[in-house]
Amino acid sequence: MTQPQEKELSVVLADDHPVVRSGLRALLSSVDGITVVAEATTGREAVEATIQHRPDVLLVDLQMPDLNGIAATREVLQTAPEVAVLVLTMFHDDESVVSAMRAGARGYILKGAGQEDIVRAVRGVAAGEAIFGQSVAHRVLDLLATPRTAEPFPDLTVREREVLDLVAAGLGNAVIARQLHLAPKTVSNHISAIFAKLRVVDRAAAIVRAREAGLGR
């Protein structure tokens, strides 16, 4: 009796680094049963490609131009909730992991993961599993075991909270841009988004709110 063939898995790759995308494409294309149907270099492109192709898996980095991976995940799942989002990133801090999970990502692995681990993660999230890389899994277990106070300003993205923390510390946009390796225009855009989410009209008011919440210290 012949075994039923496994369903072909379709994947959209989203990463702004060409070398990373090329490596992932080569890896996944070499695996039977997985097809890369589209690639994206920005968060906005990731959303558009995913909505257009409706892949089984969106493999997405966290830090990308236009729209970060967390915001892109949130937008994708509002329109295409059947897509499994797998975060593949360099960032393994608590904020990033928790924000990705809250946005609806099913998996979170680091870019240092082995090829077999990446393929296993893609197949796992497509099958409905929650997948974490080994080091990330340890952090998740620690987070679940340790009572935590609520993070201030939950509507802010990880990057926006980083920017607000530096604003509250009294740094100007140019210095913030250098510290976070961002373009000054990107910092300005983050600050505009922060003002809107905090419902404040100027920098001084934002600093007051941030310091009251313990930021900028």
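Residues numbered from 1 in each chain as written. Predicted model: local features only at pLDDT ≥ 70, side-chain atom pairs only at ≥ 80, totals over all residues. Heavy atoms only, no water.

Per an unreviewed UniProt entry, the protein goes by the name DNA-binding NarL/FixJ family response regulator and belongs to Actinocrispum wychmicini.

K.L.:
Tell me what's going on with the sheet that holds strand 5 (residues 107-110), and back it up with residues and numbers.
P.N.:
If you trace the six strands from one edge of the open sheet to the other, you get 2-1-3-4-5-6, paired in parallel fashion. The strands lining the two open edges of the sheet, one partner per strand, are strand 2 (34-40) and strand 6 (131-132). In the sheet, strand 5 pairs with strand 6 via two bridges, with the strands oriented parallel. Of the residues in strand 6, the one forming a bridge with Gly107 is Ile131. The sheet strands contacting helix 5 (residues 115-126) are strand 1 (9-14), strand 2, strand 3 (57-60), strand 4 (84-89), strand 5 and strand 6, and the helix crosses strand 4 at an angle near 155°. (Pairing = 2+ DSSP bridges. Helix = DSSP H or I, 4+ residues; strand = E, 2+ residues; numbered from the N terminus. Contact = heavy atoms within 4.5 Å. Axes fitted to C-alpha atoms, helices over the stretch in contact; angles between N-to-C directions.)

K.L.:
So, the pattern of salt bridges: which residues are in play, and what are the values?
P.N.:
Summed over the entire model, instances satisfying the criterion amount to nine salt bridges. The partner of Arg25 in a salt bridge is Glu39, with the nearest N and O atoms 2.4 Å apart. Of this pair, Arg25 sits in helix 1 (residues 18-29) while Glu39 sits in strand 2, and the two are 14 residues apart along the sequence. (Salt bridge = Lys/Arg side-chain N within 4 Å of Asp/Glu carboxyl O.)

K.L.:
So what's going on with the pairing of strand 2? Which residues, and what values?
P.N.:
Inspection of the sheet shows strand 1 paired to strand 2 by six bridges, in the parallel sense. Residue pairing in the sheet places Leu13 in a bridge with Glu39 of strand 2. Once you follow strand 1 into helix 1 and on to strand 2, the crossover reads as right-handed. (Right-handed = clockwise from strand over helix to strand, strands pointing away.)

K.L.:
Just give me the short version of the packing of helix 8 (residues 173-180) against helix 9 (residues 184-198), but keep the residues and values in it.
P.N.:
Axis separation between helix 8 and helix 9 bottoms out at 9 Å; the angle between their running directions is 110°. Compared by their axis directions, helix 8 and helix 9 come out roughly perpendicular. Side by side, helix 8 and helix 9 meet where Asn173, Ile176 and Ala177 of the first sit next to Pro184, Val187, Ser188 and Ile191 of the second. (Parallel < 35°, antiparallel > 145°, perpendicular 65-115°, else oblique.)

K.L.:
If you had to explain the packing of helix 7 (residues 158-168) against helix 9 to someone new, which residues and values would you point to?
P.N.:
Interaxial distance between helix 7 and helix 9 falls to 10 Å at its minimum, and their mutual angle equals 90°. One finds that helix 7 runs roughly perpendicular with respect to helix 9. Along its contact with helix 7, which presents Arg159, Glu160, Val163, Leu164 and Val167, the element helix 9 presents His190, Ile191, Ala193, Ile194, Lys197 and Leu198. Of the residues assigned to the contact of helix 7 with helix 9, the class counts are seven nonpolar, one polar and three charged. (Nonpolar A, V, L, I, M, F, W, Y, C, P; charged D, E, K, R; others polar.)

K.L.:
Go over the pairing of strand 5 with me, naming the residues and quoting the values.
P.N.:
Residue alternation in strand 5 divides its side chains into two sets, Gly107 and Ile109 and Tyr108 and Leu110, and both sets are buried. Pairing between strand 4 and strand 5: four bridges, direction parallel. Each residue of the ladder has a partner; that of Val87, found in strand 5, is Tyr108. In this fold, the crossover linking strand 5 to strand 6 by way of helix 5 has left-handed handedness. (Buried < 20%, exposed > 50% of the residue type's maximum accessible area, 1.4 Å probe, protein only.)

K.L.:
Give me the nonpolar core: which residues, what numbers.
P.N.:
In terms of nonpolar packing, the biggest core is built from 28 residues, with Ala14, Leu58, Val60, Val76, Val85, Val87 and Tyr108 touching the most fellow members. Per-element accounting of this core gives the leading share, five residues, to helix 3 (residues 69-79). What Val87 contacts, discounting residues up to four positions off in sequence, is Val60, Leu62, Ala100, Ala105, Gly107, Tyr108 and Ile109. Grouped together as the second largest cluster of nonpolar side chains are 21 residues, Leu28, Val57, Ile109 and Val119 included. (Core = buried A, V, L, I, M, F, W, Y, C linked by side-chain atoms within 4.5 Å.)

K.L.:
Quick rundown of helix 3? Include the residues and the values.
P.N.:
In an α-helix, one turn spans 3.6 residues; hence positions three or four apart end up facing the same way. Taken together, the buried positions of helix 3 are occupied by Gly69, Ile70, Ala71, Ala72, Thr73, Val76 and Leu77. Where helix 3 begins, the capping side chain belongs to Asn68, and its oxygen is found 3.1 Å from the backbone nitrogen of Ile70. (Polar contact = N/O pair within 3.5 Å; in protein donor to acceptor, adjacent residues only side chain to side chain.)

K.L.:
For unusual backbone geometry, give the residues involved together with the corresponding values.
P.N.:
Across residues other than glycine, the phi torsion is negative in most instances, and most of the peptide bonds are trans. One non-glycine residue, His181, lies in positive phi territory at about 55°. Inspection of the secondary structure assignment puts His181 in the loop between helix 8 and helix 9. His181 gets classed as exposed once you look at its relative accessible area, which sits at 72%. Of note, the phi angle at Arg199 is positive, near 60°, even though the residue is not glycine.

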